[in-house]
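Below are the chains, spelled out letter by letter.
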Amino acid sequence: MATPLVAVEHRTEPQDERTALTKEAFQRDFFNNLFYILGKFPTLATKNDYYQALAFVVRDRMLQRWISTAAAYTKQGSRTVAYFSAEFLMGPHLGNNLVNLGIHDEVRKAVTELGLDFNELLLEEDEPGLGNGGLGRLAACFIESLATLQIPSLGYGIRYEFGIFHQEIVDGWQTERTDKWLRFGNPWEIPRPEWAVHVKLGGYTEPYRDEFYRHRVRWVPDRLVAAVPYDTPILGYHTNTANTLRLWKAEAPESFDFAVFNRGDYYGAVMQKVSSENLSKVLYPNDEQLQGKELRLSQQYFFVSASLQDMFRILKIQKIPVERFHEKFAAQLNDTHPAIAVAELMRLLIDENVVPWEQAWDITRRTFAYTNHTLLPEALECWPLPLFAKLLPRHLEIIFEINARFLDEVRIRFYGDEERIARMSLIDERGERYVRMAHLACVGSHAINGVAELHSELLKQDVLRDFYELWPTRFGNKTNGVTPRRWMALSNPRLTKLVSSHIGDEWITDLSQLRRLEPLAEDAGFRQQWLDVKRACKCDFAAVALKKTGITIDPDSLFDVQVKRIHEYKRQHLNILHVVALYHRLRSNPNVDITPRTFIFGGKAAPGYHIAKLIIKLITSVGDVVNRDPAVRDRLKVVFLPNFNVKNGQRIYPAADLSEQVSTAGKEASGTGNMKFSMNGALTIGTMDGANIEIREEVGAENFFLFGLTTPEVGALKASGYNPANYLDGELKEVVELIRSGFFSRGDAELFRPLIDGLVHHDPYLVFADFDSYSKAQQQVSAAYQDRDHWARMSILNSARSGKFSSDRTIREYCDDIWKAPAVPIRLLTQEDVKV
Ligand code: PLP
């Protein structure tokens, strides 16, 4: 059963001076903030000052909701979801908060009246890019949906000083610049040093007897780091709920280590402070070789320990006994990054609260649930045992004990199957010994899920098969979703207005209502309006592309878009090979009739991932040739938009005609970009992978361009000994030869050799095997785009049938099936109400 949405009641709030929602109040407060908070006057004020002045206008209006929410939860001791994630890719706050408060248009008017450019101010915000891609953005969509559904929740993560690097393209290559998002301050966060906690690291353990003569274990660390919470309010859409995102910053417990200082080692003391602060210094890009990176494991433990200690503090305030921890909190592990939480909660219960092992284990298991995000074996986290022992000696003991008890259970269930025991052990003993974090997460959780139907099935059949056979009822699926507030209402206001003018605006909190657009697909007038909106979004994007790349693109061409992390399994190289094929066709026969297309790429490669960086170089190099070649006559354009992030995503998704979702079947867990495109009326060309399958199911096979091998076909081909060279004939051969010859690299036949040789000799992601099928599907796309009217129909149906992909639906399922967390509507309080 779905949890019903509580009725909107946002306009009935008691208002005081600082929360009034009138244009005059906005303008007055805007200048007050510029004066009193930023200490500036208009002649000296920068755009960023204006942005911040506006941000504080909005924050004041949010605080009333935040305080009312905190007061209600504290008083009621509400059951609370704790979402543990090493990444929250939030994107800019201002626009979203304006939309969710319901004052976007009023504030736009107020600002415009002051002679300022509202859009320019929104663009001033340095977005908190505290995530790599899909996983971090999912966490951001989830906490927004939790607030909109009025579910008490806390997002727990790390306040990285430097988020995901800023990408620049220099001479066609990716270069990385540090992301200084905090350089001008962050108006959305409030530090809470009074709730700081200490996190221990290193040292050794020793047994002792306490005052009641009980056997206990003491952990004597060799380092302490202070974790300071920075809180950001997360507002629900048109509700009074404002939940909290609590991110931890690492600091030294004291500014100076006085023992060291007194010995005269001033610099040593300061260095200790620096090394503590390193813990929250930088977000690691994924796809890097992380094994053995001590700082990464320290980061994970740091935020997990701080968060769990914070949860104990909350229990204490609300006078809830520790034995009821799992009744108060449902904690979700977003991938294995926070999996150490299983051992840390055990430690806190056993060592610090003297709860007996069995009871502590019961509490732990009832508290945690685990979401797996990847099928790539190399991405499953393992930590070398010596490193683990050095950093977390007490946790290793606890993990050994959990493992011993767990393997006893396996031994009894699967009598005599020692191989299974070795496979399932929390410790990999096949060579050098490792702690397997996914196994720890599985053993310590009462629910385990994948993020799309296919992915959840593959977990059961393959990656976590042994665990599925042991505990089948713990496994489930929660297909990802994205928030329609940011990804439609905020990023596509034209579409939002068009849709709402026909079906009202309830779809914003109940996306299934978009189905009511279906009959309008048959209405010629509506189709024209729909195309007009799309064209306007394409014009907006063309302006962005021109500004950022210097390339002029034609809004009447088909915008064919692939934006996501650059990775071989996502197969941007399949896409660019097809671009080269089209170019080759054009050059071979200049009169060939081709549908004019603009190929738009965007995405970051992990700094150490050489082949991914070479793929970017190939894309930009092909673009350099194709965009300049007069023989092409502007029928093909290739744009690599630098620095794909949330802000840029908000401008790209609405402008796309075609969404490229071309991963090798069985490799993409879900994808969420695919959902954002479809919602905004793009058609998908895609494989049977991740959530593509469900998108196709929803929108209808006739409104989706399918190609490529299925997961079982991929498996069979690999099992039979895949030889990519067998596929190297016809057009593909000519394309490969053209690249190999140095045509796109000024005659340098070596530049792309690692990429091309890799494909010809290995091709682990079956690019060659799928090329022909992809190329044919692309021909269908081109033909379909010629009939613009029919394209409009398909586009409308994509959007109309995207209701399933709202993160509200996903969160309802988590709440109903795993978290058992009911909604708690919030009554707004005024300052008077909370006076003591
Ligand atoms: N990065 C950003 C900024 C996004 O908005 C998204 C979209 O969900 C992603 C990465 C993930 O994209 P995909 O699901 O296509 O891999």
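Predicted model only: the values in this text are computed from it and were never measured. Each chain has its residues counted from 1, following the order in which its sequence is written. The predicted origin of the model limits local features to residues at a pLDDT of at least 70 and limits the giving and counting of side-chain atom pairs to 80 or more, whereas totals for whole chains, interfaces and linings rest on all residues. Note: side-chain values were computed over all heavy atoms of the structure, leaving out hydrogens and water.

What am I meant to see in the pairing of strand S8 (residues 197-201) here?
Successive side chains on a regular strand alternate, one facing one side of the sheet and the next facing the other. Working definition: with a 1.4 Å probe on protein chains only, accessible area under 20% of the residue-type maximum means buried, over 50% means exposed, and in between means partly exposed. Only DSSP runs of H or I reaching four residues or more are called helices, and only runs of E reaching two or more are called strands; each is numbered from the N terminus. Of the two faces of S8, the one lined by Val 197, Val 199 and Leu 201 is fully buried and the one lined by His 198 and Lys 200 carries no buried residue. A pair of strands is considered paired only if DSSP assigns at least 2 bridges between the two. Looking at chain direction, S8 and strand S11 (residues 223-235) are connected through five bridges and run antiparallel. Bridge pairing in S11 links Val 199 to Val 225.

Just to check I follow, could you spell out the packing of aromatic side chains for this structure?
The description of two aromatic rings rests on the distance between their centres and on the angle between their planes. Under the pairing criterion, centres of Phe, Tyr and Trp rings, with the six-membered ring standing for Trp, must be within 6.5 Å; the plane angle then separates stacked pairs below 30 degrees from edge-to-face pairs above 60, leaving the rest tilted. Counted under the stated rule, the structure contains 27 aromatic pairs. Ring geometry for Phe 406 versus Trp 471: centroids 5.7 Å apart, planes at 40°, classification tilted. With a gap of 65 residues between them, Phe 406 in helix H14 (residues 393-413) and Trp 471 in the loop between helix H18 (465-470) and strand S19 (475-477) connect regions that are remote in the sequence. Its relative accessible area of 3% is what places Phe 406 among the buried residues. Three or more aromatic residues link up through ring pairs in this structure, and these residues are Tyr 83, Phe 142, Tyr 814 and Trp 819. The ring centre of Tyr 208 lies 4.0 Å from the NZ or CZ of Arg 218, which sits over that ring. Lying over the aromatic face of Trp 487, Lys 676 brings its terminal NZ or CZ to 3.8 Å of the ring centre. Any Lys NZ or Arg CZ found within 6 Å of a ring centre and within 35 degrees of that ring's normal is scored as a charge over the ring.

Would you explain unusual backbone geometry in this entry?
Peptide bonds are, in most cases, trans, and in most cases residues other than glycine have a negative phi. For Lys 319, which is not glycine, the phi torsion reads 55° and is therefore positive. Position of Lys 319 among the secondary structure elements: in the loop between helix H9 (294-317) and helix H10 (325-328). Residues other than glycine seldom take positive phi values, yet Arg 571 does so here, at roughly 60°. Here Arg 571 lies in the loop between strand S20 (558-563) and helix H22 (572-588).

Sorry, what's going on with helix H17 (residues 453-463) here?
Along an α-helix, residues three or four positions apart point the same way, because every turn accommodates 3.6 residues. Among all positions in H17, only Leu 454, His 455, Ser 456, Leu 458 and Leu 459 are buried. The secondary structure elements touched by the buried residues of H17 are strand S18 (447-450), H18, S19, helix H26 (692-699) and helix H27 (711-719). Residue contacts follow a heavy-atom distance rule, with two residues in contact if any of their heavy atoms lie within 4.5 Å.

What is the right way to read the environment of Gln 528 from this model?
For Gln 528, the position within the fold is in helix H21 (residues 524-549). Among the residues examined, Gln 528 registers a relative accessible area of 43% and is labelled partly exposed. Each C-alpha atom, one on Gln 528 and one on Arg 793, is 9.9 Å from the other, the two residues being 265 residues apart in sequence.

Even after reading the chapter, I still don't get a nonpolar patch on the surface, so can you show me in this structure?
Residues forming no salt bridge and having over 30% relative accessible area are the ones grouped into patches, like charges within 9 Å of each other and nonpolar side chains (Val, Leu, Ile, Met, Phe, Trp, Tyr) within 5 Å. A 1.4 Å probe and the Shrake-Rupley method give the accessible areas. Residues count as covered only by the protein chains that appear here. The salt bridge definition used is simple: a Lys or Arg side-chain nitrogen within 4 Å of an Asp or Glu carboxyl oxygen. Together, Phe 35, Tyr 36 and Ile 37 line one region of the surface with nonpolar side chains, adding up to about 380 Å² of accessible area. Along the chain, Ile 37 turns up in the loop between helix H1 (23-36) and helix H2 (47-76). A residue is classified by how much of its surface remains accessible, and Ile 37, at 43% relative accessible area, is partly exposed.

I would appreciate a short explanation of the packing of H22 against helix H30 (residues 767-786) in the present structure.
Helices that pack against each other are described as a pair by the angle of their axes relative to one another and the distance between those axes. Interaxial distance between H22 and H30 falls to 10 Å at its minimum, and their mutual angle equals 55°. It follows that H22 is oblique to H30 by the angle criterion. Here H22 and H30 pass one another in a crossing that is right-handed. Contact residues: H22 offers His 573, Leu 574, Asn 575, Leu 577, His 578, Ala 581 and Arg 585, while H30 offers Val 767, Phe 768, Phe 771, Tyr 774, Ser 775, Gln 778 and Gln 779. Residues belonging to the contact of H22 with H30 are distributed by class as follows: seven nonpolar, six polar and one charged. Only the contacting stretch of a helix is used when fitting its axis, a line to C-alpha atoms as for every element, and angles between N-to-C directions run 0 to 180 degrees. Angular relationships are summarised with four words: roughly parallel below 35 degrees, roughly antiparallel beyond 145, roughly perpendicular across 65 to 115, and oblique for the angles in between. Throughout, a crossing is termed right-handed when the near helix is turned clockwise from the far one, and left-handed when it is turned anticlockwise from it by less than a right angle. Side-chain classes are defined by residue name, with Ala, Val, Leu, Ile, Met, Phe, Trp, Tyr, Cys and Pro counting as nonpolar, Asp, Glu, Lys and Arg as charged, and the others, Gly among them, as polar.

In this structure, what is going on with the site of the ligand? I would like to understand it.
Each residue is tested against the molecule or strand, and it is near if at least one of its non-hydrogen atoms lies within 4 Å. Around the ligand sit 14 residues, and of these Lys 564, Lys 570, Thr 672, Gly 673 and Lys 676 come closest. Contact distances for the ligand include 2.7 Å between an oxygen atom and a side-chain N or O atom of Lys 570. In protein, a polar contact requires one atom able to donate a hydrogen and another able to accept it; more generally it is a pair of N or O atoms within 3.5 Å, and residues adjacent in sequence count only if both atoms are side-chain atoms. Note that an oxygen atom of the ligand is positioned 2.7 Å from one of the side-chain N or O atoms of Thr 672. In isolation the ligand has 390 Å² of accessible area, and contact with the protein removes 96% of it.

Explanation requested: the confidence of the model for the protein chain in the structure shown.
The predicted coordinates of low-pLDDT regions are not to be read in fine detail. Residue-level confidence of the predictor is what pLDDT reports, using numbers from 0 through 100. Residues with a pLDDT of 70 or more make up 96% of the protein chain, whose mean pLDDT is 95. In this model residues 1-12 is a low-confidence stretch, pLDDT under 50, and it forms 24 contacts with partners more than four residues away in sequence or in other chains.

For this particular structure, what's the right way to read the nonpolar core?
The tendency in soluble globular proteins is for nonpolar side chains to be buried as a group. Grouped together as the largest cluster of nonpolar side chains are 116 residues, with contacts concentrated most on Phe 84, Leu 308, Phe 388, Ile 402 and Trp 819. Of the residues forming this core, the biggest block, 11 residues, is contributed by H9. Sequence-distant contacts of Ile 402, defined by excluding residues within four places in its chain, comprise Val 342, Met 346, Trp 357, Trp 361, Leu 426, Leu 440 and Val 443. What makes a nonpolar core is a set of buried Ala, Val, Leu, Ile, Met, Phe, Trp, Tyr and Cys residues whose side-chain atoms join them at distances within 4.5 Å. Grouped together as the second largest cluster of nonpolar side chains are 65 residues, Ile 616, Leu 759, Tyr 774 and Met 794 included.

Honestly, the sheet that holds strand S23 (residues 658-661) in this entry has me stumped. Any pointers?
Sheet strands line up and pair through hydrogen bonds in the backbone, either parallel or antiparallel. What the six strands build is an open sheet, ordered S22-S21-S20-S23-S24-S25; its pairing is parallel. The open sheet has two edge strands with one neighbour each: strand S22 (636-641) and strand S25 (705-706). In this sheet, S25 lies alongside strand S24 (residues 683-686) in parallel orientation, the contact comprising two bridges. Among the inter-strand pairings, Ile 685 is bridged to a residue of S25, identified as Phe 705. Lying over the sheet, helix H23 (residues 610-628) contacts strand S21 (597-602) and S22, oriented at roughly 140° with respect to S22.

What should I look at first to understand the domain arrangement of the protein chain in this one?
Quite often, the size of an interface is put as the accessible area lost when its parts meet. Segmentation of the chain into domains, including their bounds, is taken from an automatic or database domain assignment. Taken domain by domain, the protein chain consists of domain 1 (1-76 + 93-126), domain 2 (81-90 + 128-480) and domain 3 (486-805). On a C-alpha basis, the centres of domain 2 and domain 3 stand 35 Å from each other. Contacts between the two partners involve 35 residues from domain 2, matched on the other side by 45 residues from domain 3. Once two parts are brought into contact, the accessible area they lose, counted with a 1.4 Å probe and summed over both, makes up the buried area. Summing both partners gives a buried area of about 3,100 Å² for domain 2 against domain 3, and 59% of it is carried by carbon and sulfur. Put simply, domain 2 and domain 3 have two salt bridges between them. Across the salt bridge formed by Glu 453 and Lys 804, the nearest N and O atoms sit 3.7 Å from each other. Joining domain 2 to domain 3, the criterion identifies 14 residue pairs in polar contact (both at pLDDT 80 or more).

I would appreciate a short explanation of the side chain of Arg 246 in the present structure.
As for its position among the elements, Arg 246 is in strand S12 (residues 242-251). The exposure class assigned to Arg 246 is buried, which follows from its relative accessible area of 5%. Side-chain polar atoms of Arg 246 contact the side chain of Asp 231, separated by 2.7 Å. A distance of 2.7 Å separates a polar atom in the side chain of Arg 246 from a polar atom in the side chain of Asp 310. Once you skip the residues sitting within four places of it in the chain, Arg 246 turns out to touch Leu 154, Gly 155, Tyr 156, Gly 157, Trp 195, Pro 229, Tyr 230, Asp 231, Asp 310, Arg 313 and Ile 314.

Before we go on, may I ask you to explain the pattern of salt bridges in this structure?
For side chains of opposite charge, pairing can occur when their charged atoms come near one another. Taken as a whole and judged by the stated rule, the model has 64 salt bridges. Here Asp 29 ties to Arg 28 by a salt bridge, and the two come within 2.9 Å at their closest N and O atoms. A relative accessible area of 8% means that Asp 29 is categorised as buried. Overall, Arg 28 belongs to the partly exposed group, its relative accessible area being 36%. In this structure, Arg 527 engages Asp 789 in a salt bridge whose closest nitrogen and oxygen atoms are separated by 2.9 Å. Of this pair, Arg 527 sits in helix H21 while Asp 789 sits in helix H31 (residues 788-800), and the two are 262 residues apart along the sequence. A residue is classified by how much of its surface remains accessible, and Arg 527, at 5% relative accessible area, is buried. Three or more residues are tied together by salt bridges with common partners; here these are Asp 417, Arg 420, Arg 423, Arg 465, Asp 466 and Glu 469.

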